[in-house]
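# Topology and contacts: notes
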2 protein chains.
Amino acid sequence: MKKSTKDIFKKGSYSVKGSLWIEGDGTRFWGPGPVELLEHIESTGSINQAAKEMGMSYKKAWEIVSRLNSMSKEPMVVTATGGEKGGGSSISVAAKAMIEYHHQLRERFLQFLEAETSSLQEMI
Amino acid sequence: MKKSTKDIFKKGSYSVKGSLWIEGDGTRFWGPGPVELLEHIESTGSINQAAKEMGMSYKKAWEIVSRLNSMSKEPMVVTATGGEKGGGSSISVAAKAMIEYHHQLRERFLQFLEAETSSLQEMI
DNA sequence: AAGCGTTATTCCCGTAAAGATATAACGATG
DNA sequence: CATCGTTATATCTTTACGGGAATAACGCTT
């Protein structure tokens, strides 16, 4: 009798997981992290506050924004220094479109993972 | 007019990428790395040589093997110390079944990524 | 009994990634 | 023109991870 996954796992608590991103020039640049950051920037109007809400250092947040802007045709985040409230940031229309696209992509990916997980569960 | 991905990317050299693994008890344990390692162990009969062929340290290879064995119902790699050639390792029938399953899973995942990439290309 | 190549395990070190800190520039407001 | 909170950037520290060396055990061969 041929071995199957039935004979392999200890319990039934296994699942297929994964991560997804968009790559350009060999480097990741769109992924769950950036998307979430952009959404926080949109709601707070500030890279600084967005970073704080996510428990992320400002430096890292800024690096993400910088990479996002430099790898896109038009800026995803438009920033302003000085001014009434000391400055601030907002996300572009293109960024909103990208967020929307990424959510849909992620949804399809989650369906893929769930389907694979349940077919794995059947085998166990 | 609503913005689309057409307006976002610099060039057309973007692609959807990702990684996939099987998780148990919250920790990854099956993935491309372990699979490749097992295949090398199978062909060389030695954890040591397998690690060398993959440019990986013996320590890391051993850690992978150890985690693989401890998280599975039955051992994936059966090892022997001492003996004619100083010892050696071979992979179990269950390991072969798991390799086969993982290859198929990976194939389906690659198809998913390619489909998403080409539909992304259409938008750019 | 000595030699061999492997498994098994521990310990130290170098590097790379991330975090924390510091500081300058900015521009509206009062 | 001083104040304020933010962006922008450099620098230093800390942490995490993997590599490499070192060592022991093992069991067949000679």
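Our structure is the block above this text.
Throughout what follows, the structure given in this document is the object of discussion. These numbers come from a predicted model, not from an experiment.

## Remarks on the overall build of chain A
Across its full length, chain A carries four helices and four strands. From first element to last, N terminus to C terminus, chain A shows the α and β order β-β-α-α-α-β-β-α. Taken against the 2.2 N^0.38 rule, which gives 14 Å for 124 residues, the C-alpha radius of gyration of chain A at 20 Å runs more than 25% over that of a compact globule. Projected onto the principal axes, the alpha-carbon positions of chain A cover approximately 75 × 30 × 25 Å. Expressed as a percentage of the 124 residues in chain A, the buried residues total 41%. Of all intrachain contacts in chain A linking residues separated by at least 6 positions in sequence, the fraction that spans at least 24 positions is 54%.

## Things to note about the packing of aromatic side chains
All names here are of chain A. Going through the model one piece at a time under the given rule, you end up with eight aromatic pairs over all chains. An angle of 65 degrees between the planes, with centres 6.4 Å apart, marks the rings of Phe29 and Trp30 as edge-to-face. Of the two residues examined, Phe29 and Trp30, each falls in the buried class. The residue whose ring lies beneath Arg28 is Trp21, and the NZ or CZ to ring-centre distance is 3.5 Å.

## Focus: the interface of chain B and chain A
Taken together, the contact between chain B and chain A spans 42 residues of the former and 42 residues of the latter. With both chains or domains summed, chain B and chain A bury close to 3700 Å², and 59% of this area falls on carbon and sulfur atoms. Here chain B is connected to chain A by four salt bridges. With a shortest N-O distance of 2.5 Å, Arg108 of chain A and Glu116 of chain B are connected by a salt bridge.

## Here we look at the packing of helix H1 (residues 32–44) of chain A against helix H3 (residues 58–70) of chain A
Residues and elements named next belong to chain A. The N-to-C vectors of H1 and H3 enclose an angle of 100 degrees; their axes lie 11 Å apart at closest approach. Considering the angle they form, H1 stands roughly perpendicular to H3. Here Pro34, Leu37, Leu38 and Ile41 of H1 lie close against H3, whose contacting residues are Ala61, Ile64, Val65 and Leu68.

## What to know about the relation of the copies chain B and chain A
The two copies are related by a screw motion: chain B maps onto chain A through a turn of 180 degrees and a shift of 0.0 Å along the axis, at an RMSD of 0.1 Å. Considering both components of the superposition, the chain copies are consistent with a two-fold axis. Every residue of chain B has its C-alpha some distance from the rotation axis, and the shortest such distance is that of Ser19 of chain B, at 2.7 Å.

## A closer look at the sheet that holds strand E2 (residues 27–30) of chain A
Within the open sheet, the four strands sit side by side as E2(A)-E1(A)-E1(B)-E2(B). Their pairing is antiparallel. Each end of this open sheet is capped by a strand with a single partner; those strands are E2 of chain A together with strand E2 (27–30) of chain B. Taken pair by pair, the neighbouring strands of this sheet meet at an average axis angle of 65 degrees, ignoring direction. Relative to E2 of chain A, strand E1 (residues 14–24) of chain A runs antiparallel, the two being bridged by three bridges. Residue pairing in the sheet places Glu23 of chain A in a bridge with Arg28 of chain A of E2 of chain A.

## Considering the protein's contact with DNA strand C
For DNA strand C, the set of nearby residues contains 21 residues, the closest of which are Gly82 of chain A together with Ile47, Trp62, Thr79 and Gly86 of chain B. One of the backbone N or O atoms of Gly86 of chain B is found 2.7 Å from a base nitrogen in DNA strand C. Looking at the surface near DNA strand C, the elements with two or more residues in it are H3 of chain A together with helix H2 (47–53), helix H3 (58–70), strand E3 (77–81) and strand E4 (87–91) of chain B. In terms of residue class, the surface near DNA strand C is built from four nonpolar, twelve polar and five charged.

## A few points about the protein's contact with DNA strand D
Around DNA strand D sit 22 residues in total, of which Ile47, Thr79 and Gly86 of chain A together with Ser57 and Lys59 of chain B are the nearest. Here DNA strand D approaches the protein such that, of its atoms within 4 Å, sugar and phosphate make up 67%. Interatomic distance of 3.2 Å between a side-chain N/O atom of Trp62 of chain A and a phosphate oxygen of DNA strand D. One of the backbone N or O atoms of Gly82 of chain A is found 3.5 Å from a base nitrogen in DNA strand D. Classifying every residue of the surface near DNA strand D gives four nonpolar, 13 polar and five charged.

## A look at the environment of Ile64 of chain A
Residue and element names in this part refer to chain A. Tracing the sequence through the fold places Ile64 in helix H3. A C-alpha to C-alpha distance of 8.1 Å links Ile64 and Phe29, two positions 35 residues apart in sequence. In contact with Ile64, other than residues within four places in its own chain, are Pro34, Leu37 and Met56.

Calculation criteria
Residues numbered from 1 in each chain as written. Chains lettered and ligands numbered in written order. Predicted model: local features only at pLDDT ≥ 70, side-chain atom pairs only at ≥ 80, totals over all residues. Heavy atoms only, no water. Helix = DSSP H or I, 4+ residues; strand = E, 2+ residues; numbered from the N terminus. Rg over C-alpha atoms; globule rule 2.2 N^0.38 Å. Buried < 20%, exposed > 50% of the residue type's maximum accessible area, 1.4 Å probe, protein only. Contact = heavy atoms within 4.5 Å. Phe/Tyr/Trp six-rings, centres within 6.5 Å; stacked < 30°, edge-to-face > 60°. Lys NZ or Arg CZ within 6 Å of the ring centre and 35° of its normal. Buried area = accessible area lost by both parts, 1.4 Å probe. Salt bridge = Lys/Arg side-chain N within 4 Å of Asp/Glu carboxyl O. Axes fitted to C-alpha atoms, helices over the stretch in contact; angles between N-to-C directions. Parallel < 35°, antiparallel > 145°, perpendicular 65-115°, else oblique. Least-squares fit on C-alpha atoms with pLDDT ≥ 70 in both. Pairing = 2+ DSSP bridges. Near = heavy atom within 4 Å. Polar contact = N/O pair within 3.5 Å; in protein donor to acceptor, adjacent residues only side chain to side chain. Nonpolar A, V, L, I, M, F, W, Y, C, P; charged D, E, K, R; others polar.

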